[in-house]
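Coordinate inspection notes
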Amino acid sequence: MSAPTGPTRSPVATLLRVNRNRPEPVTGERCDMCAAPVGEEHQHVVNLESRGLMCCCRACYLLFTEDGARLRYRAVPERYLSFDGLPLSARTWDEFRIPVGLAFLFRNSAQERTVAFYPGPAGATESELPLDGWTTLVAAVPELAVVRPDVEALLVRRPGPGEDEGTASCHLVPIDACYELVGRLRTLWRGFDGGQEAHAAIDAFFERVRARSRPARPEPAAVEGSS
Ligand SMILES: [Zn+2]
Ligand SMILES: [Zn+2]
């Protein structure tokens, strides 16, 4: 498989192509490294060169969990964290020009920059705009620095009608979860804003993410004395 080169090539496009080449029902799926059978629920590693995701058995996955290792593959962690009430102004959202009010951002270590993608009918689209507002925010919320490059993303969602305008729902999620969401939305997308089914899928996805997340920062001390 030869990936196209040139300025239009996007890592996510590569990744989605890789995923599309896989048969939909995952029964009988095998480890992309050692060919051992893996269950429907299995782990992934990112190929840092092609940016593709590879399905892995537990043993192969564990070979690539070392954060600092200079390896071509990096294991996708399984943690979910929530950053509640992230201050993200409506103006910053507008600057992002993300039509669906939903984006995921991650650090591309090969390009040494943060990239933002949003879902759409063609899969994931990279926001071409400078992410100055985001950089300012990250500087103001140091907890956001825990995101691991290449394998974890911050999934942010603009508040809906009736919700606090100046905040964003923000979760740290494994990068494969983002691609799963993008893949699902691609098949459901209708019209300009995605339509009802896509929005229902986004809601359901956020429900699951919320259920799996633990707070990124400790709750403000609610205990008085020792009990
Ligand atoms: Zn394996
Ligand atoms: Zn897989």
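Coordinates for the structure precede this section.
Residues numbered from 1 in each chain as written. Chains lettered and ligands numbered in written order. Predicted model: local features only at pLDDT ≥ 70, side-chain atom pairs only at ≥ 80, totals over all residues. Heavy atoms only, no water.

**So, unusual backbone geometry**
Despite not being glycine, Ala 35 shows a phi value in the positive range, around 70°. Of note, Ala 35 is situated in the loop between α1 (11–20) and β1 (43–47). With relative accessibility at 39%, the residue Ala 35 sits in the partly exposed group. The residue Glu 112 is not glycine, and still its phi comes out positive at about 50°. Assignment of secondary structure puts Glu 112 in the loop between β5 (102–108) and β6 (113–120). Among the residues examined, Glu 112 registers a relative accessible area of 62% and is labelled exposed. (Helix = DSSP H or I, 4+ residues; strand = E, 2+ residues; numbered from the N terminus. Buried < 20%, exposed > 50% of the residue type's maximum accessible area, 1.4 Å probe, protein only.)

**Let's talk about the side chain of Arg 51**
Along the chain, Arg 51 falls in the loop between β1 and β2 (53–56). A polar atom in the side chain of Arg 51 sits 3.3 Å from the backbone oxygen of Leu 48. Polar side-chain contacts of Arg 51 include one of 2.6 Å to the side chain of Asp 150. (Polar contact = N/O pair within 3.5 Å; in protein donor to acceptor, adjacent residues only side chain to side chain.)

**A word on the coordination of the zinc ion (ligand 2)**
For the zinc ion (ligand 2), the full set of protein donor atoms is His 42 (NE2), His 44 (NE2) and Cys 55 (SG), at a range of 2.0 to 2.2 Å. Within one chain, the residues serving as donors to the zinc ion (ligand 2) are arranged as H-x1-H-x10-C. With His 44 in strand β1 and Cys 55 in strand β2, this pair connects stretches of sequence that are eleven residues apart. What makes His 44 buried here is its relative accessible area of 16%. (Donors = N, O, S within 2.8 Å, 3.2 Å for Na, K, Ca; no water.)

**Notes on the coordination of the zinc ion (ligand 1)**
In this structure, Cys 31 (SG), Cys 34 (SG), Cys 57 (SG) and Cys 60 (SG) serve as the protein donors to the zinc ion (ligand 1), at separations of 2.3 to 2.4 Å. Geometry at the zinc ion (ligand 1) is tetrahedral, judged from the four donor atoms that bind it and their angles of 103 to 117° at the metal. Within one chain, the residues serving as donors to the zinc ion (ligand 1) are arranged as C-x2-C-x22-C-x2-C. Each member of the pair Cys 57 and Cys 60 is classed as buried. (Tetrahedral: all angles 85-135°; square planar, octahedral: opposite > 155°, others 65-115°.)

**Remarks on the pairing of strand β8 (residues 152–157)**
Within β8, five of the six residues are buried, leaving the element largely enclosed by the surrounding structure. Judged from the six bridges that link them, β8 and strand β9 (residues 167–174) form a sheet pairing that is antiparallel. Note that in β9 the partner of Ala 153 across the bridge is Val 173. (Pairing = 2+ DSSP bridges.)

**Quick notes on the environment of Cys 56**
The residue Cys 56 is located in strand β2 in this model. Owing to a relative accessible area of 1%, Cys 56 belongs among the buried residues under this scheme. Each C-alpha atom, one on Cys 56 and one on Cys 34, is 8.2 Å from the other, the two residues being 22 residues apart in sequence. Once you skip the residues sitting within four places of it in the chain, Cys 56 turns out to touch Cys 31, Met 33, Val 38, His 42, Gln 43, Val 45 and Tyr 61. (Contact = heavy atoms within 4.5 Å.)

**Observations regarding helix α4 (residues 132–140)**
Taken residue by residue, α4 has Gly 133, Trp 134 and Leu 137 as its buried positions. Relative to the axis of α4, the buried residues are bounded by an arc of 95° and lie together on one face. More than 90 degrees from the buried face of α4, the exposed residues found are Asp 132, Thr 135, Thr 136 and Ala 139. Taken together, the buried residues of α4 touch β4 (81–87), α3 (90–96), β5, β6 and β8. (Arc of directions from axis to C-beta.)

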